[in-house]
Amino acid sequence: MIEHIERLLKSRIGLDAESIGRSVIERAVRQRMNAIGQPAIEHYWTTLSGSPREQQALVEAVVVPETWFFRYPESFNALAGLALERLAQLGGSRPLRLISLPCSSGEEPYSIAMALLDAGLAPSQFHIDALDVSDKVLELARRGLYGRNSFRGQPLDFRQRHFHEQAGGFLLDARVRACVSLRTGNLLDPGLFAGQAPYDFIFCRNLLIYFDRPTQVRVLESLKRQLHKGGTLFIGPAEASLASQSGLQAIGRQQTFAFCLAPARPVPPQAPQPSAPRLRPPPVARPIAPARPRSQPSAIAPVVPVVPATRADDAWQTVAELANAGRTEQAWQRCQEHLQTHGPSAEAYYWLGLLSDVQNNVEQACAYYRKAIYLDPQHREALTHLAAHLQAQGDPNAAQRLYRRAQTPEVGKRD
Ligand SMILES: C[S@@+](CC[C@H](N)C(=O)[O-])C[C@H]1O[C@@H](n2cnc3c(N)ncnc32)[C@H](O)[C@@H]1O
């Protein structure tokens, strides 16, 4: 019976039981069975299959709403610059169109709004649509009242500028809230963008990881159609290789996970051969950041490795350059050589984990991140990456433990 429920969730919201972990779905089903007092799963299935309302309640119980303000801060820095460029290109002919989908409880679209306002844009120069399948999280976004969990990085100066502290948390200014239109939306709905103009900037982060491959491909194609020719798509770090494989081009700024449409290829002069299979352009590797010193202040969950400023920096800088140039195999080889010459090192294993992620080999990536953590229990990036995978695999408790460890004062600052 649980298989029927899994299939229903997949067709309704794209959720792939394998990627999120079956136990997460089972837990949500048990929670709903208790809530409506139906102890037998057969009876629950009968209710569920005939009730859109119960289906929505199950969706609410199963989604992962994890988010926080200025998650991957570099992407918001990049957005501010790109938005100014785009406005100049448009010459004031219309406001910028942006979308955050899924927006969860609002931290992402509101971060977009704050980044643009702080960059000097007037509210009339842009508009942000924010959609999510969960009404519960949208309600939180409408309230605009946030607890400490929504502020996980440094610096927090944006909180001083745009929030008021009050009982129960920090209330977001109405000026920022007015820049965002919140509404229910399902990324799988084929009519979702019907009649909508394309967007200059699309944020679709940390949802594709819960879909199976055909659904990921379908969704990315739909996002590409909805992206303006000069637009930018921001996705999550674990999703970057998917974007590359679907023909999008990394914009080439580290830690932004930002992509644009590949330029149209010139039509070859020879006669067309409609039935011949077409070769796809080779996938572009996801951009990987080079090593950065531990003292850099702004990162929440940076992808960069943390290494002391020694000659080792040169080695990892080279590995980063190779990876960013799409030369994954050479980058891999450099790591192996480093291991052979210098013995086991957390940094080498961390990089092998990242390179495994680039190749979409999650199992191998996790194994390398674990090795890195074994050698350096405070390796923040390995902790964060492994946590993201565990979260996606349906082990939120283990993921939270790792996230907490990654944020201990020795390796990161907290508010
Ligand atoms: C991990 S959060 C991501 C939030 C934000 N984009 C970020 O990266 O911080 C995932 C969100 O996806 C939403 N979601 C799940 N399936 C969806 C679908 N098919 N369409 C729209 N939203 C969906 C969930 O309700 C949840 O709020």
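Quick notes on the rules
- Residues numbered from 1 in each chain as written.
- Predicted model: local features only at pLDDT ≥ 70, side-chain atom pairs only at ≥ 80, totals over all residues.
- Heavy atoms only, no water.
- Buried < 20%, exposed > 50% of the residue type's maximum accessible area, 1.4 Å probe, protein only.
- Helix = DSSP H or I, 4+ residues; strand = E, 2+ residues; numbered from the N terminus.
- Arc of directions from axis to C-beta.
- Contact = heavy atoms within 4.5 Å.
- Axes fitted to C-alpha atoms, helices over the stretch in contact; angles between N-to-C directions.
- Left-handed = near helix turned anticlockwise from the far one by under 90°.
- Nonpolar A, V, L, I, M, F, W, Y, C, P; charged D, E, K, R; others polar.
- Pairing = 2+ DSSP bridges.
- Right-handed = clockwise from strand over helix to strand, strands pointing away.

K.L.:
Sorry, what's going on with helix α4 (residues 41-50) here?
P.N.:
Think of an α-helix as turning once every 3.6 residues; residues three or four places apart then point the same way. Among all positions of α4, only Y44, W45 and L48 are buried. For α4, the angular spread of buried residues about the axis comes to 100°, placing them on one side. Exposed residues lying more than 90 degrees from the buried face of α4 are T46 and G50. Contacts from the buried residues of α4 go to α1 (2-13), α3 (22-35) and α5 (52-62).

K.L.:
Help me understand the packing of helix α16 (residues 362-375) against helix α17 (residues 380-392), please; the structure alone is not making it clear to me.
P.N.:
At their nearest, the axes of α16 and α17 sit 9 Å apart, and the two run at 140° to each other. With respect to the hand of their crossing, α16 and α17 are arranged in left-handed fashion. Contact residues: V362, A365, C366, Y369, R370, A372 and I373 in α16; A382, L383, H385, L386, H389 and L390 in α17. When its residues are assigned to classes, the contact of α16 with α17 shows 10 nonpolar, 2 polar and 1 charged.

K.L.:
Just to check I follow, could you spell out unusual backbone geometry for this structure?
P.N.:
Note on backbone geometry: most residues besides glycine have negative phi, and most peptide bonds are trans. Backbone torsion omega between L101 and P102 reads 10°, so that peptide bond is classified as cis. Among the secondary structure elements, P102 is positioned in the loop between β1 (96-100) and α7 (107-118). The phi dihedral of S104 falls on the positive side, at around 50°, and the residue is not glycine. By the secondary structure assignment, S104 is in the loop between β1 and α7. In this structure S104 comes out as buried when scored by relative accessible area, which is 8%. Positive phi outside glycine occurs at Q255, with the angle close to 65°.

K.L.:
Please clarify how the sheet that holds strand β3 (residues 145-146) should be interpreted in this entry.
P.N.:
Spatial ordering of the open sheet is given by β3-β5-β4, a layout of 3 strands whose pairing is antiparallel. What marks the edges here is a single partner per strand, and that holds for β3 and β4 (163-166). Of the strand pairs in this sheet, β3 and strand β5 (residues 169-172) are connected by 2 bridges, and their pairing is antiparallel. Note that in β5 the partner of L145 across the bridge is L171.

K.L.:
Could you clarify how one ought to interpret the pairing of β1 in this entry?
P.N.:
Each regular strand displays side chains that alternate between the two surfaces of the sheet. The buried fraction of β1 amounts to 4 of the 5 residues, a majority that puts the element mostly inside the structure. Relative to strand β2 (residues 126-132), β1 runs parallel, the two sharing 5 bridges. If you follow S100 over to β2, its bridge partner there is A130. Handedness of the crossover joining β1 and β2 through α7 is recorded here as right-handed. Sheet topology places β1 next to strand β7 (residues 199-204); 3 bridges connect them, and they run parallel. Directly across from L98, in β7, lies its bridge partner F201.

K.L.:
Can you help me understand the environment of D173 in this one?
P.N.:
Residue position: D173 is located in the loop between β5 and α10 (174-177). Among the residues examined, D173 registers a relative accessible area of 19% and is labelled buried. A C-alpha to C-alpha distance of 9.0 Å links D173 and R161, two positions 12 residues apart in sequence. Discounting chain neighbours no more than four positions away, the residues touching D173 are R161, H162, F163 and H164.

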